[in-house]
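If you want the building blocks of each chain, they are given just below.
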Amino acid sequence: MSALQNRTELLFLYEVENTNPNGDPLNENRPRFDSEESKVLVSDVRLKRTIRDYWFEYKGYNGENGKDIFVRETKYEKGGLNDAKERAKAFSEKKEVVLEKCIDIRVFGGVLPLKNDSLTFTGPTQFQMGKSLHPVEVITEQGTGAFASTAGKGQATFRTEYKVPYAVIGFNGIINEKAAQYTLMSDEDKKLLLEGVWEGTKNLISRSKFGQSPVLLLSITYKEPFYIGGLRQRLKLETKDKNDLQIRSLEDFSLALDDLIDELKTYQEKIDTVEIKLDKRLNLTYKENTILLENGKLALNEIG
Amino acid sequence: MKSAKILVFKISGEYAHFRKFNTTSSPLTYPIPTPPALAGLLGAILGIEREITPGKFNEGIVPVNEVFGNNKASFAIQIVKPLKKVNIGFNLLDTDKSASSFFNITNRTQIEFEMLKDAIFRIFLIHREDSTFKELEARIVDKKHHFTPYLGISQCTANVEYEATINAHKIENQAGDFVSIISAIKLGQLNEEKPINFDQNTSYATETMPIVMTKDRIVEEYSEVIMEQNGKSINANIQSYWSIPDFGNISFL
């Protein structure tokens, strides 16, 4: 498989409802929060984990048929001892083998000391920290655990949870085709990345993440080494009757795409294609008019 | 009077982290990018490959630290937006036990990173090799970056925005007057007696930071650098400075 040739820029939005999008380990697992702007943050690592989980669970990257995920969680280890031995063997192999097998190293890069070799790859795909498009509040909930703190006690323990009632979170991403030449990330890998972003977010059915839903995925493929940068920062969330803290669904606001579309039009010559995937419930506007976009290729000239 | 062509551009990003050399496990950030960090960022734009392992480079690669070596390039850094620092906790893999910890994660280490938030810097660059200067200028104007540039760590991808290319002159301050300087200044460039005309309403900070680094990542020069944290200018009794039309007076680190 040959490495991909075009630079790609990504914008991904997803909504969360009554969940903890990304707990802060140093702050009692409260949602990561920017207290200056009252916005929730989600680390790039969380999004990459979502994508890895999807590849592992649904796309056969589970160590069989030469398809694998390198940076694995313990919970992936289904085969027990045998599996771990296999992976230890893979680990001491050459980087070519690791690159061929492990999609996550091809897409996100990695730094690993191998037995006779070392592996230092800057990932072609970089995501910035994700951030909510609007101020949110964090709520505290008390719940009862299923177990007692010590054996024999009659009462189960209490636990405290922190959640955000609702948030729309946006990520900026860039795929660099030059770095892809080193890790051999292919167009097929890119397809799987886009699928993983969307479907993985949908399929993340754990207790704290249930209620996440992908809303918009824009992928811009450029003809030349160029990217616009800061796509999320060009969106403007406009609420209707409620204030920002009261937003509870996609119906409560519209997204003004003015800056984004204008910028895309400005650099149209450098752009090969713009593809969009979106949730039909999302209200989009351009120059104060509602616009209806279809999934698939975006015809920039037809907007506005 | 010495003169040179100066490339002026802005770098910005939502977050940035320029790791201090002495804080590896509780990472703090310099308030401004250091010259070696800028060399790396510009190296990414030019497409210069990084080392495979420390000190080891692919054949035919001139390391960024040499392309932007002290004898070839000079950087001046202006803080454009008041500095803000935030702490963000990251989950790092705990890899010190065994190699298998990479692919079978059981332990993680929580580390709090000090990050700069909404950072914007204006960079003034002299490069004495005309071909490198021209290529860099063209790439920044067209945003034709080879690799993705970032502010210190990879998730902090950078926006790089061309501003101007200006012919400027170096001015010797023989009279010992106070001059308004918009960039960070090496303390060593100030006159010893009454170096700064301090203003009560400004917020000064000094940092010891690496200025010159070799390709083996050995720092050859550390300097104490003074800067104004809100992006105001410093009234300094400086030995020499460069006057940049439309921008102001700067001092190269």
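This one's a predicted model, so the numbers in the text were calculated from it and none came from an experiment.

Parameters at a glance
- Going along each chain's sequence as written, the residues are numbered from 1 onward.
- Throughout, the order in which chains and ligands are written sets their labels, letters from A for the former and numbers from 1 for the latter.
- Confidence filtering applies because this is a predicted model: local features only for residues at pLDDT of at least 70, side-chain atom pairs given and counted only at 80 or more, and all residues used for totals across whole chains, interfaces and linings.
- Note that water and hydrogens are dropped before the side-chain values are worked out from all heavy atoms of the structure.
- Runs of E in the DSSP output that reach at least two residues are strands. Runs of H or I that reach at least four are helices, and both are numbered from the N terminus.
- Atoms counted for the radius of gyration: C-alpha only. Globule rule: 2.2 Å times the number of residues to the power 0.38.
- Think of it in three bands: with a 1.4 Å probe and only protein chains considered, a residue is buried below 20% of the maximum accessible area for its type, exposed above 50%, and partly exposed in between.
- In this analysis, two residues are considered to be in contact whenever any of their non-hydrogen atoms come within 4.5 Å of each other.
- Calculation of accessible area relied on Shrake-Rupley with a 1.4 Å probe; when residues are assessed, cover is drawn exclusively from the protein chains displayed.
- Charge assignment in this entry is limited to Lys and Arg as positive and Asp and Glu as negative, and neither His nor the chain termini are counted.
- The location of each charge is read from NZ of Lys, CZ of Arg, CG of Asp or CD of Glu.
- Multiplying 1.5 Å by the residue count of a helix minus one yields the expected span of that helix.
- This arc is built from the directions going out from the helix axis to the C-beta atoms.
- Salt-bridge detection follows one rule: a side-chain nitrogen of Lys or Arg within 4 Å of a carboxyl oxygen of Asp or Glu.
- Throughout this description, a polar contact denotes any pair of N or O atoms lying within 3.5 Å of each other; where both atoms belong to protein, one of them has to be capable of donating a hydrogen while the other can accept it, and for residues adjacent in sequence the pair is counted only when both atoms sit in side chains.
- Among buried residues, those of type Ala, Val, Leu, Ile, Met, Phe, Trp, Tyr and Cys that are joined through side-chain atoms within 4.5 Å constitute a nonpolar core.
- Any Phe, Tyr or Trp ring, taking Trp's six-membered ring, that has another such ring centre within 6.5 Å forms a pair; planes under 30 degrees apart are called stacked, those over 60 apart edge-to-face, and the others tilted.
- Each ring is checked for a lysine NZ or an arginine CZ that lies within 6 Å of its centre and within 35 degrees of its normal; such an atom marks a charge sitting over the ring.
- Two parts placed together each lose some accessible area under a 1.4 Å probe, and the buried area is that loss summed for both.
- Two strands qualify as a pair provided DSSP detects at least 2 bridges between them.
- Fitting a line to C-alpha atoms yields each axis, with helices limited to the stretch in contact; the angle taken between N-to-C directions then spans 0 to 180 degrees.
- Roughly parallel means an angle under 35 degrees; roughly antiparallel, over 145; roughly perpendicular, 65 to 115; everything else is oblique.
- Throughout this entry, Asp, Glu, Lys and Arg are counted as charged residues, while Ala, Val, Leu, Ile, Met, Phe, Trp, Tyr, Cys and Pro are counted as nonpolar. The remaining residues, Gly among them, count as polar.

1. As for the overall build of chain B
Secondary structure summary: chain B contains 3 helices and 12 strands in total. At 19 Å, chain B has a C-alpha radius of gyration in line with the 18 Å of a compact globule built from 253 residues. For chain B, the proportion of its 253 residues judged to be buried stands at 53%. For chain B, the proportion of contacts with a sequence separation of at least 24, taken over those separated by at least 6, is 76%. Total accessible area on chain B is roughly 11,300 Å²; 45% of this is exposed by carbon and sulfur atoms. Seen as two clouds, the 26 positive and the 29 negative side-chain charges of chain B have centres 4 Å apart.

2. Structural notes on helix 3 (residues 130–141) of chain B
All names here are of chain B. Taking 1.5 Å of rise per residue, the 12 residues of helix 3 would be expected to cover 16 Å, and the 16 Å separating its terminal C-alpha atoms lies within 8% of that figure. By the burial criterion, the buried members of helix 3 are Thr132, Phe133, Leu136, Glu137, Arg139 and Ile140. Take helix 3 and look down its axis: the buried residues cluster within an arc of 170°, on one side only. Lys143 occupies a position one or two residues after helix 3 and carries a positive phi of about 55°.

3. Here we look at the side chain of Glu114(B)
Residues and elements named next belong to chain B. With respect to the secondary-structure elements, Glu114 resides in strand 4 (residues 108–127). For the buried Glu114, no salt bridge is present, and the opposite-charge side chain at shortest range is Lys85, 4.1 Å distant. Reaching out from Glu114, the side chain makes a polar contact with the backbone nitrogen of Thr29 at a distance of 2.8 Å. Leaving out residues up to four positions away in the same chain, Glu114 has contacts with His17, Pro27, Leu28, Thr29, Lys85, Val86 and Asn87.

4. Things to note about the pattern of salt bridges
Opposite charge on two side chains allows them to pair when their charged atoms are near. Scanning the model with the defined rule gives 39 salt bridges over all chains in all. With its nearest N and O atoms 2.7 Å apart, the salt bridge here joins Asp189(A) to Arg106(A). Separated by 83 residues along the polypeptide, Asp189(A) in helix 6 (residues 187–202) and Arg106(A) in helix 4 (residues 103–108) bring together distant segments of the chain. Considered together, Asp189(A) and Arg106(A) belong to a single accessibility category, that of buried residues. Lys280(A) serves as the salt-bridge partner of Glu294(A), at 3.8 Å between the closest nitrogen and oxygen. Taken together, the residues span a long stretch of sequence, with Glu294(A) in the loop between strand 17 (289–291) and strand 18 (296–297) and Lys280(A) in the loop between strand 15 (271–278) and strand 16 (283–286) at a distance of 14 residues. On the accessibility criterion, Lys280(A) (55% relative accessible area) is exposed. Each of Asp34(A), Glu36(A), Glu37(A), Lys39(A), Lys131(A), Arg232(A), Glu14(B), Lys84(B), Lys117(B) and Asp118(B) takes part in one network of salt bridges that share partners.

5. Examining the nonpolar core
Formed by 51 residues in total, the largest nonpolar core has its most connected members in Phe9(B), Ile11(B), Leu42(B), Phe68(B), Phe121(B) and Leu136(B). Sorting elements by how many residues they give to this core places strand 4 of chain B first, with 8 residues. When near neighbours in sequence (up to four residues on either side) are disregarded, Leu136(B) contacts Leu7(B), Leu42(B), Ile45(B), Leu46(B), Phe68(B) and Leu125(B). If you look at the next biggest cluster of nonpolar residues, it comprises 37 residues, including Tyr222(A), Leu231(A), Leu284(A) and Leu298(A).

6. Re the environment of Gln155(B)
The residue Gln155(B) is located in the loop between helix 3 and strand 5 (159–172) in this model. On the basis of relative accessibility, which here comes to 12%, the residue Gln155(B) falls in the buried class. Counting along the chain gives 125 residues from Gln155(B) to Tyr30(B), while the straight-line C-alpha distance between them is 17 Å. With residues near it in sequence (within four places) discarded, Gln155(B) still touches Asp44(A), Gln126(A), Phe127(A), Gln128(A), Met129(A) and Phe90(B).

7. Concerning the packing of aromatic side chains
On inspection of all chains with the given rule, the structure shows 14 aromatic pairs over all chains. Measuring from centroid to centroid gives 5.8 Å for Trp55(A) and Phe108(A), while their planes differ by 25°, and the two rings are stacked. Of the two residues, Trp55(A) is situated in helix 1 (residues 44–58) and Phe108(A) in helix 4; the sequence distance between them amounts to 53 residues. The burial state of Trp55(A) is the same as that of Phe108(A); both residues are buried. Each ring, one from Phe68(B) and one from Phe75(B), has its centre 6.2 Å from the other, and the planes form 35°; the classification is tilted. Classification of Phe75(B) by relative accessible area gives buried; the value is 4%. Here the aromatic residues Tyr222(A), Phe226(A) and Tyr267(A) are joined through ring pairs into a cluster of three or more. Above the plane of the ring of Tyr162(A) lies Arg30(A), whose end atom (NZ or CZ) is 4.3 Å from the centre.

8. Thoughts on the interface of chain A and chain B
With 47 residues of chain A in contact, the opposing surface of chain B contributes 37 residues. Between chain A and chain B the total buried area reaches about 3,600 Å² when both faces are included, carbon and sulfur atoms providing 52% of it. On the chain A side of the interface with chain B, the three residues burying the most area are Leu26(A), Met129(A) and Tyr227(A), jointly 15% of the side's total. At the junction of chain A with chain B, the criterion picks out 6 salt bridges.

9. A short note on the sheet that holds strand 17 of chain A
All names here are of chain A. A sheet is described by the order of its strands in space; here 4 strands give the open sequence 13-14-16-17, paired in mixed fashion. Edge positions in the sheet fall to strand 13 (236–239) and strand 17, since each of these pairs with one other strand and no more. With direction set aside, neighbouring strand axes in the sheet form an average angle of 40°. Where strand 16 lies against strand 17, 3 bridges are found, and the strand directions are antiparallel. Bridging across to strand 17, Thr285 finds its partner in Thr290.

10. Side note on the packing of helix 1 of chain A against helix 6 of chain A
All names here are of chain A. It is the contact of helix 1 with helix 6, at a shortest axis distance of 8 Å, that shows an interaxial angle of 100°. On the basis of the axis angle, helix 1 is roughly perpendicular to helix 6. Contacts from Thr50, Ile51, Tyr54 and Trp55 in helix 1 reach Leu192, Leu193, Glu195, Gly196, Val197, Glu199, Gly200 and Thr201 in helix 6. For the contact of helix 1 with helix 6, a count of residues per class yields 6 nonpolar, 4 polar and 2 charged.

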